[in-house]
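# Descriptive structure summary
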Amino acid sequence: FLIAEAIELLDLENALRHALARGELELAYKPKHDPKTRRLCGAEALLRWTLPQKGRVSPAVFIPIAEEIGIIVPIGEWVIREVCEQLRRWADEGLPTVRVAVNLSPIQFRQPDLSERVLRLLGETGIDPRLLEFEITEGAAMENIHTTIATLKLFNALDFHLSIDDFGTGHSSLSYLKQFPIDTLKIDQSFVRHIHASVKDEAIIKSIITLAHSLGFDVVAEGVETQEQFDYLSALDCDVVQG
Ligand code: MG
Ligand code: MG
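The following refers to the structure shown.

The rules behind the values
Residues numbered from 1 in each chain as written. Chains lettered and ligands numbered in written order. Predicted model: local features only at pLDDT ≥ 70, side-chain atom pairs only at ≥ 80, totals over all residues. Heavy atoms only, no water. Helix = DSSP H or I, 4+ residues; strand = E, 2+ residues; numbered from the N terminus. Rg over C-alpha atoms; globule rule 2.2 N^0.38 Å. Buried < 20%, exposed > 50% of the residue type's maximum accessible area, 1.4 Å probe, protein only. Pairing = 2+ DSSP bridges. Donors = N, O, S within 2.8 Å, 3.2 Å for Na, K, Ca; no water. Core = buried A, V, L, I, M, F, W, Y, C linked by side-chain atoms within 4.5 Å. Contact = heavy atoms within 4.5 Å. Arc of directions from axis to C-beta. Polar contact = N/O pair within 3.5 Å; in protein donor to acceptor, adjacent residues only side chain to side chain. Phe/Tyr/Trp six-rings, centres within 6.5 Å; stacked < 30°, edge-to-face > 60°.

Another aspect to go through is the overall build of the protein. If you tally the helices and strands in the protein, you get 11 helices and 9 strands. Relative to the compact-globule value of 18 Å for 243 residues, the protein shows a C-alpha radius of gyration of 19 Å, a close match. Taking the principal axes of its C-alpha atoms as reference, the protein extends roughly 50 × 50 × 40 Å. The burial tally for the protein puts 45% of its 243 residues in the buried class.

Structure, rendered in structure tokens:
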């Protein structure tokens, strides 16, 4: 059984090395809405990988593999390029442009030349940096704290929108959080899912919203699936909801 699993993992690794060149990767755009106006106010770009024979592979499976075999940086750069080109196409078609969020892997976030690469892509596509948002997970932000703060400061100065993802799950340090020049906290979907069934999750969500607003951040609630959750989060003054 273990051998079969190991072989399958090797197969996946090999396939993943060619996924970019074979055009098997694509982006899906998950919309974000302002619960007050119900208007579309942004989107998050999510990476999808479909293997011709096997079908869809979960990002929870292939992203860690891509990090381990050292190809997350080129894949991540492809994602940013795709997003810039998509924003360009929407603008060219006269569609209203909304900000698009890109998830940065911790490895990508630590690349010293990341900002230069992104700026080059923006220059090539003529996209306003304010239309790009970067999400880094709370866990990734809290490791290597001084590098994190320096990079966030640089990105903030370049006018990118910055979010801490999966907030509430990754050993947050509030003394560091207050130093982060970020715009948004994204409440992890695990809290949102049981908002009506769990008094504790409800208390956590209320506290995060209050904390975020006091620190001058917006709040996005992720994993919103029912009208009940939507209305409730709106009543709590949550700024943005996402499915
Ligand atoms: Mg995200
Ligand atoms: Mg998230």
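Relative to strand β2 (residues 40-51), strand β1 (residues 25-33) runs antiparallel, the two sharing 9 bridges. The residue bridging Ala 28 from the neighbouring strand is Leu 46, located in β2. Joining the antiparallel neighbours β1 and β2 is a turn of 6 residues, in which Arg 38 adopts a positive phi near 65°. Sheet topology note: the β1/strand β9 (residues 240-242) ladder contains 2 bridges and is antiparallel. Residue pairing for β9: Lys 32 is matched across the bridge by Gln 242.

With that settled, consider the coordination of the magnesium ion (ligand 2). Ideal values for angles at a metal depend on the geometry: 109.5 degrees with four tetrahedral donors, 90 or 180 degrees with six octahedral donors. Within the protein, Asp 165 (OD) and Glu 222 (OE) serve as the donor atoms for the magnesium ion (ligand 2), at 2.2 to 2.4 Å. The distance between the magnesium ion (ligand 2) and the magnesium ion (ligand 1) comes to 3.4 Å, with Asp 165 serving as a donor to both metals. Here Asp 165 is found in strand β6 (residues 161-167), whereas its partner Glu 222 is found in the loop between β8 (218-221) and α11 (227-235), with 57 residues between them in sequence. Side by side, Asp 165 and Glu 222 carry an identical accessibility label, which is buried.

One finds Trp 49, Leu 132, Phe 134 and Phe 180 to be the most contacted residues of the largest nonpolar core, which totals 71 residues. It is helix α3 (residues 72-92) that contributes the most residues to this core, 10 residues altogether. When neighbours within four sequence positions are excluded, Leu 132 is seen to be in contact with Ile 80, Val 83, Cys 84, Arg 99, Val 100, Val 102, Val 118, Leu 122, Phe 160 and His 161.

With that settled, the discussion passes to helix α2 (residues 59-68). For α2, the set of buried residues is Phe 62, Ile 65 and Ala 66. Along the long axis of α2, the arc covered by the buried residues comes to 100°, so they all point the same way. Among the exposed residues of α2, those pointing more than 90 degrees away from its buried face are Ala 60 and Glu 68. Where α2 is buried, its residues meet α1 (2-19), β2, β3 (55-57) and α3. N-cap assignment for α2: the residue whose side-chain oxygen lies 3.0 Å from the backbone N of Ala 60 is Ser 58. Remark: Gly 70 follows α2 within two positions and exhibits a positive phi of approximately 75°.

This part takes up the packing of aromatic side chains. All told, the structure shown has 5 aromatic pairs when counted by the stated rule. Centre to centre, the rings of Phe 134 and Phe 160 are 5.2 Å apart; their planes meet at 80°, and the pair counts as edge-to-face. With Phe 134 in strand β5 (residues 132-137) and Phe 160 in the loop between α7 (145-157) and β6, this residue pair connects regions lying 26 residues apart in the sequence. In this structure, Phe 134 and Phe 160 share a single accessibility class: buried. Taken together through their ring pairs, the aromatic side chains of Phe 134, Phe 155 and Phe 160 make up a single cluster.

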